[in-house]
Amino acid sequence: MRRSLWLLLLLLSFVHLPVGAEGQLFWEDCVWIGMERNLHLKLEKTKSELFPILLKEKWKQYLPKLGVHYFGIFSRNKEQIDQEYRDVRIQIQQMIYDGGETEREKQKIEIKQLIQVEEKKIIREKVFKSISNHYFNANKRMFIDLIYQLRSDRYGLEKEKQKTEVASGIIAPKEEKVGRIWEAEFASKRIQAKSQHLLANLELKQSMFLEPEEIFHLEPGFMERIQIHPPILSNIETNENHPLRKKSRLQLELVSLEEKSLENDWKPKFLLGGYVGRNGNSGFPLQNEIYGISFGVQANLGGSSFTSNSQNGTQSEGNGIQRIPGYGPQPVGPGDNSFQSGSFGLFDEIGREKKRFDVNLSHEQAFLEKSQNELILRNNSKTTEIKLSEAYQKYLLYLECTKSAISNLKKKRWERNLSLISELEYLKLEEEVFLPLEMAIEHYFAYLSYALEMALYLGEDPFSNRYYHLKQEKSNHELVMLLKEWSFSNPIEKNQTPEPNVMKPNPFLWEERYEKR
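Residues numbered from 1 in each chain as written. Predicted model: local features only at pLDDT ≥ 70, side-chain atom pairs only at ≥ 80, totals over all residues. Heavy atoms only, no water.

A. Structural detail: the overall build of the protein. Counting its regular elements, the protein contains 12 helices and 12 strands. Here the protein has roughly 28600 Å² of accessible surface; of this, 56% comes from carbon and sulfur atoms. (Helix = DSSP H or I, 4+ residues; strand = E, 2+ residues; numbered from the N terminus. Areas by Shrake-Rupley, 256 points an atom, 1.4 Å probe, with all protein chains shown as cover.)

B. Geometry of the pairing of strand E5 (residues 269–280). Bridging between strand E3 (residues 83–97) and E5 involves 11 bridges; their strand directions are antiparallel. Within the sheet, the bridge partner assigned to Ile-92 lies in E5 and is Gly-274. Pairing of E5 with strand E6 (residues 288–301), which is carried by 11 bridges, proceeds in the antiparallel orientation. Note that in E6 the partner of Leu-272 across the bridge is Phe-295. (Pairing = 2+ DSSP bridges.)

C. The environment of Ala-455, seen in detail. Along the chain, Ala-455 turns up in helix H11 (residues 431–458). Among the residues examined, Ala-455 registers a relative accessible area of 0% and is labelled buried. The residues touching Ala-455, leaving out its near neighbours within four places in the chain, are Glu-460, Asp-461, Asn-465 and Tyr-467. (Buried < 20%, exposed > 50% of the residue type's maximum accessible area, 1.4 Å probe, protein only. Contact = heavy atoms within 4.5 Å.)

D. Region of interest: the pattern of salt bridges. Throughout the structure, instances matching the rule amount to 32 salt bridges. Among the charged side chains, a salt-bridge network with shared partners connects Glu-237, Glu-240, Arg-245, Arg-249, Glu-374 and Arg-378. (Salt bridge = Lys/Arg side-chain N within 4 Å of Asp/Glu carboxyl O.)

E. Up close: helix H9 (residues 352–417). Taking 1.5 Å of rise per residue, the 66 residues of H9 would be expected to cover 98 Å, and the 94 Å separating its terminal C-alpha atoms lies within 8% of that figure. Of the residues flanking the end of H9, it is Ser-419, one or two places downstream, whose phi is positive at about 65°. (Expected span 1.5 Å × (residues − 1).)

F. Layout of the packing of aromatic side chains. Applying the stated criterion across every chain yields a total of 17 aromatic pairs. Measuring from centroid to centroid gives 4.8 Å for Trp-27 and Phe-463, while their planes differ by 80°, and the two rings are edge-to-face. On the criterion of sequence distance, the pair formed by Trp-27 in helix H2 (residues 27–37) and Phe-463 in the loop between H11 and strand E11 (468–470) is long-range, its members being 436 residues apart. Accessibility assignment for this pair places Trp-27 and Phe-463 in one class, buried. (Phe/Tyr/Trp six-rings, centres within 6.5 Å; stacked < 30°, edge-to-face > 60°.)

G. Molecular detail of unusual backbone geometry. One non-glycine residue, Phe-209, lies in the positive phi region at around 60°. Relative to the helices and strands, Phe-209 resides in the loop between helix H6 (173–207) and helix H7 (222–225).

H. Representation of a nonpolar patch on the surface within the structure. On the surface, a cluster of nonpolar side chains totalling about 620 Å² of accessible area is made up of Leu-66, Val-68, Ile-90, Ile-92, Val-276 and Tyr-291. Note on placement: Ile-92 falls in strand E3. (Patch = residues over 30% accessible without salt bridge, like charges linked within 9 Å, V, L, I, M, F, W, Y side chains within 5 Å.)

I. Expanded view of the pairing of E6. Where E6 and strand E7 (residues 304–315) come together, 12 bridges link them in antiparallel fashion. Along E7, the bridge assignment pairs Gly-292 with Gly-313.

J. Representation of H2. Here H2 lies mainly inside the structure; 8 of its 11 residues are buried. Within H2, the full set of buried residues consists of Trp-27, Glu-28, Asp-29, Cys-30, Val-31, Ile-33, Gly-34 and Met-35.

K. Examining the confidence of the model for the protein more closely. Predicted confidence across the protein gives a mean pLDDT of 80, with 80% of residues reaching 70 or more. Predicted confidence is poor over residues 1–22, with pLDDT under 50, and the contacts of this stretch with residues over four places away or in other chains come to 72 contacts. The low-confidence segment residues 491–517, where pLDDT is below 50, has 65 contacts with residues more than four positions distant or belonging to other chains. (pLDDT = per-residue confidence, 0-100.)

L. Quick peek at the packing of H9 against H11. Running from amino to carboxyl end, H9 crosses H11 at an angle of 155°, the nearest separation of the two axes being 7 Å. As far as their axial angle goes, H11 and H9 are roughly antiparallel. Pair H9 / H11 crosses with left-handed handedness. For the contact of H9 with H11, the per-class residue count stands at 23 nonpolar, 5 polar and 5 charged. (Axes fitted to C-alpha atoms, helices over the stretch in contact; angles between N-to-C directions. Parallel < 35°, antiparallel > 145°, perpendicular 65-115°, else oblique. Left-handed = near helix turned anticlockwise from the far one by under 90°. Nonpolar A, V, L, I, M, F, W, Y, C, P; charged D, E, K, R; others polar.)

M. Molecular detail of the side chain of Asn-139. Relative to the assigned elements, Asn-139 resides in helix H5 (residues 101–168). At 3.0 Å, the side chain of Asn-139 and the backbone oxygen of Tyr-135 are in polar contact. Discounting chain neighbours no more than four positions away, the residues touching Asn-139 are Leu-218, Glu-219, Phe-222 and Phe-445. (Polar contact = N/O pair within 3.5 Å; in protein donor to acceptor, adjacent residues only side chain to side chain.)

N. Inspection of the packing of helix H8 (residues 243–263) against H9 at higher detail. Packing of H8 against H9 leaves a shortest axis separation of 9 Å and a crossing angle of 165°. The angle between H8 and H9 places the two elements in the roughly antiparallel class. Classified by chirality, the crossing of H9 by H8 is left-handed. Split into classes, the residues belonging to the contact of H8 with H9 amount to 8 nonpolar, 5 polar and 11 charged.

Next comes the structure, spelled out in structure tokens:
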């Protein structure tokens, strides 16, 4: 009977045990472990590392471009004088004005980064809700399984008494056969409760990315750590900063920047550069000093392109070579040397209208997606609110029904004690208690699931909000107190008290706090 006593004490620990035993997991532990192991969140974390790199690259556009350039020509041909020329220079170029395009590109990356943050929040909420719902289901199945285990142990005791009643003639053999049919039905429910408990644990493990063979224990007494509140029956508006809404607004901002880029692409870009170095005709070290400045203009005029470059330089002595874009190397001598070049391409940007169409399409798509997300949020929150109210009302209904059934069962206890009814008949009457009790448990955990969903819609703390509050300490709970009342009125034989568990404080393993909006 020690096992029966342990099961009873485990059930009553829902009321009396401190917060946790070593090696057992709380709700917040399961969420933390599941989020740490979730592959989608890991992938989103990896994606987020790209944006600082892209921003750093865009910031480099504001910095001057610096480089070292080497140029050499060697000619040793028959009937010609041998020629040798080397040119080494340090070149620098700075973008002076680009019509704000670099700043807009930087803003686009920042907005994409914010969009990725909101996408990560959406995934995190889905993962949080999935793990929590599986955790609720596992606790529900654990509680129901313990109820059936206690009833099964008590039925085993009553079977021993039944043999005595049959021997003494209190129960006729026909009644015993009827009892066997009821016993088979009860055994089937017991097997089903055990199977559903094991399946619920496996589903929770899967949501936490745990192997099926990993050791897994949930801390009993979850219902004593959570206090529920009646749902508010007033109009409820979802949080203005819900991730779906913020993502839609950011996407519209991104499209707006794309439109600005298209509208301002006619603005010219001005580049300023310069060089300093040496050249010579007789090998190293180079003899002649050279230096100069350059100026460039680039513009897009309605699909046509315009490019202009000019360079002014000075060479101290000797003969050199000036490299003119589009014309190749040209010989120069001591003194000032310069060149100017320009080109105008008529309608050479054939993809301009395609860009305009894509931007307009993206704007319409972002606007429609924003409207659709608004509709989804409003409909889903309203649906959840109705289901939340339904679950709470049914919970109260079956709770009162259970209380009434226990009160009636107490009256039948007198008849059993006076041998007016058999032990088996009394056990059958207990079905009137446990059927509504199971329904009350079902709707209690359904209420928690819908309340969690509403808390996420409203942007409230998923552990403490207007619908429930998760506590570190334990307190009495009506469902457990009703079961406790039944257990004490139908005591299981006690032989030996087990050793107490080693306790630990509630860890609240939240390395990363839930992102409030």
